[in-house]
Amino acid sequence: MIRSIIFLGLALLLGACEEKPELISHVRTQEISGRDEGPLWLKRPVYRVQLPSHWQYIESRGSLADTTKPNAEFLAYGEVHITFHSFPSRSLEERIPPSSQVARWKSQEMGAVKPFSNGGFIGLFLEGKSLMAWSLQLDASLYQKLRFLASSAEEQEHYKQLSADYTIKITGPPELILAHKNEFLDFAKSCELIQAIPERL
């Protein structure tokens, strides 16, 4: 009897030890390119996200200069579409307020709007039955800092991508959005710049 209890305890302990690597293997890192625009037409990875390994990554081909074209797309559970757009700008005045983006989405589906911040970006989160969407802008002081740091044309173009607004939009059947809500929230929270904002003045 005692031997059976010890054996059962060891089996449970070994099973628990095996869970961590298994959970880690279910998540992967994906880099997302910025837009290729301006005189240098450079397109390089700017963002990094964590996503479940079963999601399908749909890479955008060709030029990304047109901001109506997503930087990246993902497909989850065969029916949930995830799109990521960035919107580089030359000045604070050129940026589109998150409230304007959310108003446009609300014309498609009503939902609750909440403030959201992540990695130096601030904005709004809209949650509806078949839609979850985020509109985020880099903090104004960090945005201005990047404007003054560029010392070359190439650096200026790259910093323009780092300071770009971005949106994440997730659409799909209400039952799938509800069932995997935390997974989609984790994806949005994982989004970060690959390169930290430089500290030199």
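Going by the structure above, here's the rest.
Because the structure is predicted, anything quoted here is derived from the model rather than measured.

Caption draft 1: Quick look at the sheet that holds strand 10 (residues 192-193). Strand order in the open sheet formed by three strands is 1-2-10, and the pairing between neighbours is antiparallel. Only two strands of the sheet have a single partner each, and these edge strands are strand 1 (27-33) and strand 10. Relative to strand 2 (residues 45-52), strand 1 is paired through seven bridges, and the arrangement is antiparallel. Looking across to strand 2, one finds that Thr29 is bridged to Gln50. Across the sheet, helix 6 (residues 181-190) is in contact with strand 2 and strand 10; its angle to strand 2 comes to roughly 155°.

Caption draft 2: Summary view of the environment of Leu185. By secondary structure assignment, the location of Leu185 is in helix 6. The exposure class of Leu185 is buried, given its relative accessible area of 14%. Once residues within four sequence positions are removed from consideration, Leu185 is found in contact with Phe125, Met132 and Trp134.

Caption draft 3: Quick look at helix 2 (residues 98-106). Considered for burial, the residues of helix 2 that qualify are Pro98, Gln101, Val102 and Trp105. The arc enclosing the buried residues of helix 2, seen along the axis, measures out at 95°, which places them on a common side. Elements in contact with the buried residues of helix 2: strand 5 (80-87), strand 6 (112-118), strand 7 (121-127), strand 8 (131-138) and strand 9 (165-171).

Caption draft 4: Local environment of the pairing of strand 9. Among the seven residues of strand 9, six are classified as buried, and the element is accordingly described as predominantly covered. One ladder, built from seven bridges, connects strand 5 with strand 9; its direction is antiparallel. Bridging across to strand 9, Ile82 finds its partner in Ile170. The pairing of strand 8 with strand 9 spans six bridges and is classified as antiparallel. Each residue of the ladder has a partner; that of Ala133, found in strand 9, is Lys169.

Caption draft 5: Summary view of the packing of aromatic side chains. This model, assessed by the stated rule, comprises twelve aromatic pairs. On the basis of an interplanar angle of 35° and a centroid distance of 5.4 Å, the ring pair of Tyr57 and Phe74 is categorised as tilted. Of this pair, Tyr57 sits in strand 3 (residues 56-59) while Phe74 sits in strand 4 (residues 72-76), placing them 17 residues apart in sequence. Between Phe125 and Trp134, the ring centres sit 4.7 Å apart and the planes meet at 10°, which makes this aromatic pair stacked. Residue classification places Phe125 among the buried positions, given a relative accessible area of 5%. Here the aromatic cluster, defined as three or more aromatic residues joined through ring pairs, consists of Trp55, Tyr57, Phe74, Phe184 and Phe187. The lysine or arginine in question, Arg95, covers the ring of Tyr143, its NZ or CZ lying 4.6 Å from the ring centre.

Caption draft 6: View of empty space enclosed by the protein. Applying the stated rule across the entire model yields two cavities of 30 Å³ or more. Approximately 50 Å³ is the volume attributed to the second largest cavity. Phe87, Ile96, Gln101, Ser135, Leu136, Gln137, Asp165, Tyr166 and Thr167 are the residues that line the second largest cavity. Contributing elements (two or more residues each) for the lining of the second largest cavity: strand 8 and strand 9. Its residues assigned to classes, the lining of the second largest cavity comprises four nonpolar, four polar and one charged.

Caption draft 7: Looking closely at the packing of helix 3 (residues 140-149) against helix 4 (residues 153-162). Between helix 3 and helix 4, the shortest axis-to-axis distance is 9 Å and the interhelical angle comes to 170°. As the angle between them shows, helix 3 and helix 4 are arranged roughly antiparallel. The segment helix 3 lies against helix 4, with Leu146, Arg147 and Leu149 engaging Glu155, Tyr159, Lys160 and Leu162. The class makeup of the residues in the contact of helix 3 with helix 4 is four nonpolar, no polar and three charged.

Reading the values: rules and limits
- Residues numbered from 1 in each chain as written.
- Predicted model: local features only at pLDDT ≥ 70, side-chain atom pairs only at ≥ 80, totals over all residues.
- Heavy atoms only, no water.
- Pairing = 2+ DSSP bridges.
- Helix = DSSP H or I, 4+ residues; strand = E, 2+ residues; numbered from the N terminus.
- Contact = heavy atoms within 4.5 Å.
- Axes fitted to C-alpha atoms, helices over the stretch in contact; angles between N-to-C directions.
- Buried < 20%, exposed > 50% of the residue type's maximum accessible area, 1.4 Å probe, protein only.
- Arc of directions from axis to C-beta.
- Phe/Tyr/Trp six-rings, centres within 6.5 Å; stacked < 30°, edge-to-face > 60°.
- Lys NZ or Arg CZ within 6 Å of the ring centre and 35° of its normal.
- 1 Å grid on protein atoms, 1.4 Å probe; cavity = no way out; pocket = protein on both sides within 12 Å on 5 of 7 lines; lining within 4 Å.
- Points joined across faces, edges and corners; volume = space filled by probe spheres on them.
- Nonpolar A, V, L, I, M, F, W, Y, C, P; charged D, E, K, R; others polar.
- Parallel < 35°, antiparallel > 145°, perpendicular 65-115°, else oblique.

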